Amino acid sequence: MADVLIIGNGAAGRRAAETIRKGSPNASILMVTDEPFPFYPRPKLSLGFMSGEIKKDDIFLKPDFYSRNAVSLLFGRVERIDAEARVAMLRGGSALNYSYLLFASGAVANKPRWPGSELDGVVTLRTLADAEDILRRAEGQSKIVVAGAGILGVEAAEALCKRGASVSLLVRGGKDKVGAPALKPEQAENRCDSMIKNGVNVELDDEVERFEGSEGRLERVVTKCGAVIHTGLAIATIGASPDLRFLEGSAIKTARGIVVDSELRTSTETAFAAGDCAETSGEGTEKQQYGSPYMNAMKQGEYAGAKIAELLNQ
Ligand SMILES: Cc1cc2nc3c(=O)[nH]c(=O)nc-3n(C[C@H](O)[C@H](O)[C@H](O)COP(=O)(O)OP(=O)(O)OC[C@H]3O[C@@H](n4cnc5c(N)ncnc54)[C@H](O)[C@@H]3O)c2cc1C
């Protein structure tokens, strides 16, 4: 039985664990993650790792975090929650009992829906495993397509270009949409110019029409403007959404994310949610929205962690 169970070992979960430990020195804290790695900051994937400037071993921040904070880290996937009985069921059947629960389960990359998206070679980017897979696939490709020019698409295109790949970035809009909404229009235009200068083929006002291939493998990207780009690798960077399937049938209220109140409490008294998985759109939740997604995850993790520590100490 854990005093606190944290589902997710990302920015929100890690910051929450640290905060709970500070506020409640004797609490037992168990984190569970379905990624086979200790904590790493996702921004480093596109800012350093994919360009080859940061080695894999250097991506893991302070691996002694768990021992220093007396946090148990369990590798596994939570498949079901019984919020009333306060038990989480893991894939494989084991049960984890807890007093307080924090959902810090983040989001998963949105899957593309263009015709041909199921072809091998059409991929997304969210995890270290995804980034490693992309680098493996990129070897031997004379061209790579990045479809979607939010900040993630921009960074991925720049990183692969730095490695010497020929990258086409498809932008649904003009220069002012490059990196939007993270970049303001003027920043977007400057970033677009610098990408072009550095060798990225920035295709403005264009997007994927369909993927084509044979024997299940991607061979071409056909764009709405009629361009045909011969490639075996297309990275769809079209946002991310919480994966809430493990909450189906539970008492936890969900909408686009896990619905929380202004104190990040879910519809169940003893469960909180923080970071990308939390939906802060209800009344009074504005105070829980903190700028960039990464900062938001950390700040919410800290807030929820402090709240849980307070409850443990009552
Ligand atoms: C390549 C990349 C670059 C980015 N760059 C930036 C940036 O520069 N600035 C910025 O603000 N944001 C950036 N982001 C977004 C930012 O990283 C996220 O907003 C942030 O990581 C969210 O943290 P989180 O803790 O809420 O979720 P996550 O980091 O997604 O962590 C959630 C964890 O929970 C695990 N999990 C989920 N469900 C279960 C389950 N059922 N059982 C067990 N484990 C589970 C997941 O596998 C994951 O490890 C970037 C994202 C990516 C992918």
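It should be emphasised that the depicted structure is a prediction, and the values quoted were computed from it without experimental measurement.

Conventions used here
- Residues numbered from 1 in each chain as written.
- Predicted model: local features only at pLDDT ≥ 70, side-chain atom pairs only at ≥ 80, totals over all residues.
- Heavy atoms only, no water.
- Pairing = 2+ DSSP bridges.
- Helix = DSSP H or I, 4+ residues; strand = E, 2+ residues; numbered from the N terminus.
- Axes fitted to C-alpha atoms, helices over the stretch in contact; angles between N-to-C directions.
- Salt bridge = Lys/Arg side-chain N within 4 Å of Asp/Glu carboxyl O.
- Buried < 20%, exposed > 50% of the residue type's maximum accessible area, 1.4 Å probe, protein only.

Asker: Kindly report on the sheet that holds strand β13 (residues 217-223), identifying the contributing residues and their values.
Answerer: What the 3 strands build is an open sheet, ordered β12-β13-β14; its pairing is antiparallel. Of all strands in the sheet, those with a lone pairing partner are β12 (208-214) and β14 (228-230), marking the two edges. Strand-to-strand, the axes of this sheet are offset by a mean angle of 25°, without reference to chain direction. As judged from the 3 bridges shared by β13 and β14, these two strands associate in the antiparallel manner. Following the sheet pairing, V221 is matched in β14 by I229.

Asker: Kindly report on the pattern of salt bridges, identifying the contributing residues and their values.
Answerer: The final tally for this structure, using the stated rule, is 26 salt bridges. Where E302 meets R15, a salt bridge forms, and the shortest distance between an N and an O atom there is 2.7 Å. Of this pair, E302 sits in helix α7 (residues 293-312) while R15 sits in helix α1 (residues 11-23), and the two are 287 residues apart along the sequence. By relative accessible area, which is 33% here, E302 ends up partly exposed. For K177, the salt bridge identified is with D176, shortest N-O distance 3.5 Å. Here K177 falls in the partly exposed class, since its relative accessible area comes to 41%.

Read these as spatial facts, not as claims about activity.
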